[in-house]
Amino acid sequence: MGLEALFDPAFAGSLPRFITPILLAALGGAICERAGVFNIALEGFILVGAFAAVCGAFFFGSALMGATAAIFAGVLMGLLFAEFHLRRPGDPIVVSIALNLLAAGLTTYLLRTIFGVAGAFRDPAIVGFDGVRLPLIEDVPLVGPVLSGQSPLFYLAIAIAVGLHLFFLRHRLGLRIRAAGENPAALTAGGVSPERVRLYALVACGALCGLAGAQLSIANVNLFVENMSAGRGWIAVVAVLLTRGRPLPLLAIVCLFGFVDSLSFRVQGLGWPQQFTDMMPYVATLVVLVVLSWWRMRRNA
Amino acid sequence: MSGVPDRLSPMRELTPWIWVLAWILGILFVLMLIAGASFGGALEGFLNGAFGGRRYAYLMTTLSRSALIIGMALSVMLSFRAGLFNIGGEGQLVIGGFTAALVGIAMPGPPLLVTAAGIAAGMAAGALWAMLAGVLYLYVGVPLLVGSLLLNYPARYITSYLVGHPFRDVQSGLPQTHLIDNASWLPFFPGTRLDIGILFIIATAVIAIVYTSMTVHGYRTRMTGYSMPFAQASGLPVRWLALQTLAMSGAIAGLVGAIAVFGIHYRYADGMLVQPLYAWTGIVAVLLVQMVPWAVPLSGFFFAALQTGAAGMERTAGVPKELAITMQAVIILFVASRFSNLTFEGTRTETEGGDGT
């Protein structure tokens, strides 16, 4: 198999579709991580967002309404997390496990009751996002197909990644979020409640994960499938853990994971068994995790 | 928030539980309204589906499902109590079940020996898969929570490939192995449709309860769970203890897989251990009773009844059975918020520690 068979413009153009959902979710996870909330319910947040996006796009006939519904649903999940973890003393991991289950059960349940189908819901009335064409850039070779013609959520995700870096660095709330994670006592002494800051972080995380779900269900495709988050939330969690919630390294590592994800999709066409290609993103994540953990352990030893 | 007074009057102790129950029933009611079912019909379908049926067939289903869930719960309990957050039970279960099926199909010899070898092989395979996560955690520094979880995916996909290609029963048209010779199946209890696999789980439960609460070894692993530095300072071989615990945990998951193969399905079919969420239900069952060993079987039975009851509700009242998963999650949310001692504190410091910035 020649390399040029893999890295043609169509492949380059598909990259952002794989990167965007993981990136959006991971950015949400990063905000939580920096605020000191150990949120591993990203998988459930994404799933609920994907379902809400399809509902919004179906009932209102607009992709924008789909994305809005996804944000609302994601925020609702964030508020649930806050209710059971911040306001009541629920352990974040227990709450996360429960919310992931809740998302899996509830989306399937509602899929059956609202749309009367099991497995997958597709309908011409679901209006998804169109690609945004950038006039001059699309003619540039190599980069053109990557940067042009993507869903608006891709551009948003990149902008948020860079913006979040500056936000943590410069903005007052960004500093407070970092303080809530690193030194909540200092924040309390400064007259700000860490709990409140964490609530904001969870709301932001919910919104971002909701958008990640919207990218999956109404930008990459125009349908909802049971459990369509399919482990992407966990990959985002790993990306957050590896980078400790720093946006720019996060962007880099998510691009790597997204690359492997799209590569796996590609080599499927070359006759590899589907199970091996499906497995690639997880194995890649595990390998990166092993290498970085080992390196960190040696450095600390 | 955790400042609970020493003495509470029974009424004040009960009040929060009444609220929790009211919330859960309220959510259940709203979900049923969406599905357009009558409460009475749904309740009847639920009770019949969980405990009724002709010659108690559904009760037998509940019992055999609860055997698998309790098994997964015991597996999780052993590692959780040692502070090892092994949430890779699904992978260990799948690998164990698949290995047991292969041995059951391929091994010649007297039927009883085949069954025994299949179960032993399943346990060994589950133990090895759990120890892989353990080695990555203890010697490489990969957080166990994440490492064990990520290992679920290779387990799922590798077995899916093997059962779909090299070991597929081509004539059946589905990705599944050949049937195991029926002489090697686990027998039913006389006059029922319940296989004796549940006896293995009862034995495991007794051993696990005695082990965690009465043996020195169990005490040592528990101590490691409370405080690894303290255990280490006391001269305990903490890494070796952790590996042993994970191996036991994985072996129980493998046993559950083997029981499902030899007692229920008589073959390995793709997804048969993943889709019913046995592993996640086991985790939830342990969390519900806050890792108290003797209560784990009760909680496992409760969730099995919830699931088979929901299936009955779907048959008679048309309420989708996914309601059960949703209710499981809601119950855990409310219970977790009532008990501040239900924590994974150890893992959190593990994953957050020492930020380089």
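To be clear, the structure that these remarks concern was listed above.
Residues numbered from 1 in each chain as written. Chains lettered and ligands numbered in written order. Predicted model: local features only at pLDDT ≥ 70, side-chain atom pairs only at ≥ 80, totals over all residues. Heavy atoms only, no water.

**Focus: the side chain of Thr277 of chain A**
Stated precisely, the cut-off is as follows: Each helix corresponds to a stretch of at least 4 residues labelled H or I by DSSP, and each strand to a stretch of at least 2 residues labelled E; elements are numbered beginning at the N terminus. Think of a polar contact as two N or O atoms within 3.5 Å of one another; within protein, one of them needs to be a possible hydrogen donor and the other a possible acceptor, and neighboring residues in sequence only count if both atoms come from side chains.
One can find Thr277 of chain A in helix α13 (residues 274-300). Here Gln274 of chain A takes part through its backbone oxygen, which lies 2.8 Å from a polar atom of the side chain of Thr277 of chain A.

**Some points on the nonpolar core**
Stated precisely, the cut-off is as follows: Here the nonpolar core consists of buried residues drawn from Ala, Val, Leu, Ile, Met, Phe, Trp, Tyr and Cys, with membership extended through side-chain atoms lying within 4.5 Å. The rule is simple: take the accessible area with a 1.4 Å probe, protein chains only, and divide by the maximum for that residue type; under 20% is buried, over 50% is exposed, in between is partly exposed. Every residue pair with non-hydrogen atoms within 4.5 Å of one another is taken to be in contact.
With 201 residues, the main nonpolar core has Leu99 and Val254 of chain A together with Phe80 and Leu323 of chain B as its most contacted residues. Setting aside residues no more than four positions away along its own chain, Leu323 of chain B makes contact with Tyr109 of chain A together with Leu28, Leu31, Met32 and Met313 of chain B. Counting residues in hydrophobic clusters, the runner-up holds six residues, among them Phe11, Val260, Val267 and Met280 of chain A.

**Things to note about a nonpolar patch on the surface**
Selection criterion: Each patch is built from salt-bridge-free residues with over 30% relative accessible area, joining like charges within 9 Å and nonpolar side chains (Val, Leu, Ile, Met, Phe, Trp, Tyr) within 5 Å. Note on areas: Shrake-Rupley, 1.4 Å probe, and residue coverage restricted to the protein chains presented here. In the sections that follow, a salt bridge refers to a side-chain nitrogen of Lys or Arg positioned within 4 Å of a carboxyl oxygen of Asp or Glu.
Taken together, Phe59, Phe60, Met65 and Ile114 of chain A together with Val30 and Ile34 of chain B make up a surface patch of nonpolar side chains, about 570 Å² in accessible area. Those elements giving two or more residues to the nonpolar patch turn out to be α3 (42-60) of chain A together with α1 (10-35) of chain B. By the secondary structure assignment, Phe60 of chain A is in helix α3. Here Phe60 of chain A falls in the exposed class, since its relative accessible area comes to 57%.

**Observations regarding the pattern of salt bridges**
Residue and element names in this part refer to chain A. In the structure shown here, the tally under the stated rule is eight salt bridges over all chains. A salt bridge links Glu83 to Arg87, with the nearest nitrogen and oxygen atoms 2.8 Å apart. In this pair, Glu83 and Arg87 both sit in helix α4 (residues 63-87), four residues apart, roughly one turn of the helix. The network of salt bridges with common partners includes Glu83, Arg87 and Arg88.

**With respect to the packing of aromatic side chains**
Here is the rule: Aromatic rings from Phe, Tyr and Trp, with only the six-membered ring used for Trp, were paired whenever their centres fell within 6.5 Å, and each pair was classed as stacked if the ring planes differed by under 30 degrees, edge-to-face if by over 60, and tilted otherwise. We count a charge as sitting over a ring when the NZ of a lysine or the CZ of an arginine lies within 6 Å of the ring centre and within 35 degrees of the ring normal.
In this structure the tally under the stated criterion is 21 aromatic pairs over all chains. Relative to Phe115 of chain A, the ring of Phe59 of chain A lies with its centre 5.9 Å away and its plane at 20°, an arrangement referred to as stacked. With a gap of 56 residues between them, Phe59 of chain A in helix α3 and Phe115 of chain A in helix α5 (residues 92-115) connect regions that are remote in the sequence. Judged by its relative accessible area of 51%, Phe59 of chain A is exposed. Taken together, a centroid distance of 5.3 Å and an interplanar angle of 90° make the contact between Phe84 of chain A and Phe334 of chain B edge-to-face. Here the residue Phe84 of chain A occupies a position in helix α4, and Phe334 of chain B occupies one in helix α14 (residues 323-338), the pair thus bridging two chains. Of the two residues, Phe84 of chain A and Phe334 of chain B, both sit in the buried class. Connected via pairs of aromatic rings, a cluster forms that spans Phe51, Phe58, Phe59, Phe115, Phe121 and Phe224 of chain A. Its end group placed over the ring of Trp295 of chain A, Arg299 of chain A keeps NZ or CZ at 5.0 Å from the ring centre. We note Arg315 of chain B situated over the ring of Tyr58 of chain B; from NZ or CZ to the ring centre the distance is 4.3 Å.

**Some details on the interface of chain B and chain A**
Put simply, the rule reads: Each residue receives one of three labels: charged for Asp, Glu, Lys and Arg, nonpolar for Ala, Val, Leu, Ile, Met, Phe, Trp, Tyr, Cys and Pro, and polar for the others, Gly being one of them.
Counting residues at the interface gives 62 residues for chain B, matched by 47 residues for chain A. Taken together, chain B and chain A are joined by two salt bridges. The salt bridge partner of Glu314 of chain B is Arg112 of chain A, with a shortest N-O separation of 3.1 Å. On the surface where chain B and chain A come into contact, there are six residue pairs in polar contact (both at pLDDT 80 or more). For the side of chain B that touches chain A, the secondary-structure elements that each account for two or more residues are α1, α5 (111-140), α6 (144-150), α7 (152-164), α12 (278-288), α14 and α15 (345-352) of chain B. In terms of residue count, α14 of chain B provides more of the side of chain B that touches chain A than any other element does, twelve residues in total. For the side of chain B that touches chain A, the residue count by class is 38 nonpolar, 15 polar and nine charged.

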